[in-house]
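Given next are the chains, with one letter for each unit.
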Amino acid sequence: MKTIMVHSIHRGEGKTKVAKELAGYTQLQGNKVLLADLDFITDPHSRALGLPSSPNLEDLLKDIDAEAEKNPYFAINFSEDKLRSYLLTHNTGLKVLSSENAKELAENEEIAHKIRTVVRNLKQLPYDMLVIDTDSSNRDYNQVILEEADHVLIVMDNFRYNVKDLILYLHKLQNMGYSTENFKIVLNKVPDPIQVTIDEIEKDSGLPVIGIVPVLDKTYHPSPETENIYLNVADPKNVDFINAIKQIVAVL
Ligand SMILES: Nc1ncnc2c1ncn2[C@@H]1O[C@H](COP(=O)(O)OP(=O)(O)OP(=O)(O)O)[C@@H](O)[C@H]1O
Ligand SMILES: [Mg+2]
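Predicted model, so just to flag it, every value in this text is computed and none were measured. (Residues numbered from 1 in each chain as written. Chains lettered and ligands numbered in written order. Predicted model: local features only at pLDDT ≥ 70, side-chain atom pairs only at ≥ 80, totals over all residues. Heavy atoms only, no water.)

A. Geometry of the overall build of the chain. Tallying secondary structure elements over the chain gives eight helices and eight strands in all. On C-alpha atoms alone, the chain measures out to a radius of gyration of 18 Å, which is about the 18 Å that the 2.2 N^0.38 rule sets for 252 residues. Along the longest, intermediate and shortest principal axes, the C-alpha atoms of the chain span 55 × 45 × 30 Å. Residues counted as buried form 51% of the 252 residues belonging to the chain. Accessible area for the chain stands at about 11800 Å²; split by element, carbon and sulfur atoms hold 50% of it. Looking at charge distribution, the chain has the averaged site of its 27 positive side-chain charges lying 2 Å from that of its 38 negative ones. (Helix = DSSP H or I, 4+ residues; strand = E, 2+ residues; numbered from the N terminus. Rg over C-alpha atoms; globule rule 2.2 N^0.38 Å. Buried < 20%, exposed > 50% of the residue type's maximum accessible area, 1.4 Å probe, protein only. Areas by Shrake-Rupley, 256 points an atom, 1.4 Å probe, with all protein chains shown as cover. Lys, Arg positive; Asp, Glu negative; His and termini not counted. Charge placed at Lys NZ, Arg CZ, Asp CG, Glu CD.)

Put into structure tokens, the structure is as follows:
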């Protein structure tokens, strides 16, 4: 199982979009993929592929709480069957751990331990890929996911201030003792020619740019009611978009 964390420095950069499409594409290629929505901060209107929102992450966290009365977090291991009971199934076969809007979880002082337990348990499942969608906060529970992931994808554009913020973020993590060697950049949007070039981004950040996801043509946009059940990679008309996702998957 390969674990991919999809992250960004700022909100609204396209993490959820990239996470969904990456997971969907890999599933459609004949792999077994699990998409985990570990963002409990963002409003839940564009969540888990239009699936019902229950069962979800909060159910799993409640059961982890119950187990934590008897065992330390690192010793909490759910069986495969038990873990499957928290997952939803999309019509592509993609498995989804959904999350409700539960902002108060972020204030729970044990949340980092709990999220580590969630990720470690999910990593035990017999899937080919685990894609984790996150919020863009620089919080301890996100640092736990950084540690557990094989690849960390930073979704961003090439605007000067964003590249600057990325470099500050990387320095901050490095100063805290985190390795950023497995970080990679996904540009969501074709680079703006008057902003930072790809060569400069790579040189200044030390990270490779592994893909450029085009902004989808308006004509292919699903209506707002269907956005969540729609995978752009499932529509063969989206040639450039599919090729961009394919290129990213090839690197992972
Ligand atoms: N390549 C793209 N083409 C067209 N629309 C896009 C693209 N990427 C993102 N969007 C749209 O931009 C909006 C923000 O994207 P998304 O929700 O994926 O960002 P996010 O980083 O997950 O945000 P948040 O930090 O709030 O979780 C959404 O409406 C999404 O559909
Ligand atoms: Mg999101």
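Further notes follow.
B. Region of the structure containing the site of ligand 1. Taken together, 16 residues are adjacent to ligand 1, and Gly12, Lys15, Thr16, Lys17 and Asn188 come closest. Gly12 is positioned with one of its backbone polar atoms (N or O) 2.9 Å from an oxygen atom of ligand 1. Within the contact set of ligand 1, an oxygen atom lies 2.7 Å away from a side-chain nitrogen or oxygen of Lys15. Relative to its unbound accessible surface of 630 Å², ligand 1 loses 77% to contact with the protein. Broken down by element, the residue count for the shell around ligand 1 peaks at three residues, all from helix 1 (residues 15–28). In terms of residue class, the shell around ligand 1 is made up of four nonpolar, six polar and six charged. (Near = heavy atom within 4 Å. Polar contact = N/O pair within 3.5 Å; in protein donor to acceptor, adjacent residues only side chain to side chain. Nonpolar A, V, L, I, M, F, W, Y, C, P; charged D, E, K, R; others polar.)

C. Inspection of the pattern of salt bridges at higher detail. Within this structure, the stated rule accounts for nine salt bridges. Residue Glu147 is joined to Arg116 by a salt bridge in which the shortest nitrogen-to-oxygen separation is 2.7 Å. With Glu147 in helix 5 (residues 140–148) and Arg116 in helix 4 (residues 111–123), this pair connects stretches of sequence that are 31 residues apart. On the accessibility criterion, Glu147 (42% relative accessible area) is partly exposed. Glu148 is the partner of Lys123 in a salt bridge, and the nearest nitrogen-oxygen pair spans 3.0 Å. Taken together, the positions of Lys123 in helix 4 and Glu148 in helix 5 put the pair 25 residues apart, joining distant regions of the chain. What you see here is one network of salt bridges that share partners, running through Arg116, Arg120, Lys123, Glu147 and Glu148. (Salt bridge = Lys/Arg side-chain N within 4 Å of Asp/Glu carboxyl O.)

D. Focus on the environment of Glu200. Mapping Glu200 onto the fold places it in helix 7 (residues 198–205). We classify Glu200 as partly exposed; its relative accessible area is 36%. Put simply, Glu200 and Asn158 are 42 residues apart on the chain and 9.9 Å apart in space, counted from C-alpha to C-alpha. Within polar-contact distance, the side chain of Glu200 engages the backbone nitrogen of Thr197 at 3.0 Å.

E. Here's a closer look at the environment of Met5. Here Met5 lies in strand 1 (residues 2–7). Assessed through its relative accessible area of 0%, Met5 is described here as buried. Not counting residues up to four positions away in its chain, the partners in contact with Met5 are Ile132, Thr134, Asn142, Ile145, Leu146, Ala149, His151, Val152 and Leu153. (Contact = heavy atoms within 4.5 Å.)

F. Structural view of the pairing of strand 7 (residues 183–188). Counting buried positions over the six residues of strand 7 gives six, a clear majority of the element. Covered by surrounding structure in strand 7 are Phe183, Ile185 and Leu187 together with Lys184, Val186 and Asn188, the residues of both alternating faces. Strand direction decides the pairing type here: strand 6 (residues 151–156) and strand 7, joined by five bridges, are parallel. Along strand 7, the bridge assignment pairs Val152 with Phe183. One crossover worth recording links strand 6 to the parallel strand 7 by way of helix 6 (residues 160–175), and it is right-handed. With four bridges connecting them, strand 7 and strand 8 (residues 209–213) associate as parallel partners. Across the sheet, residue Ile185 finds its bridge partner in strand 8, namely Val209. (Pairing = 2+ DSSP bridges. Right-handed = clockwise from strand over helix to strand, strands pointing away.)

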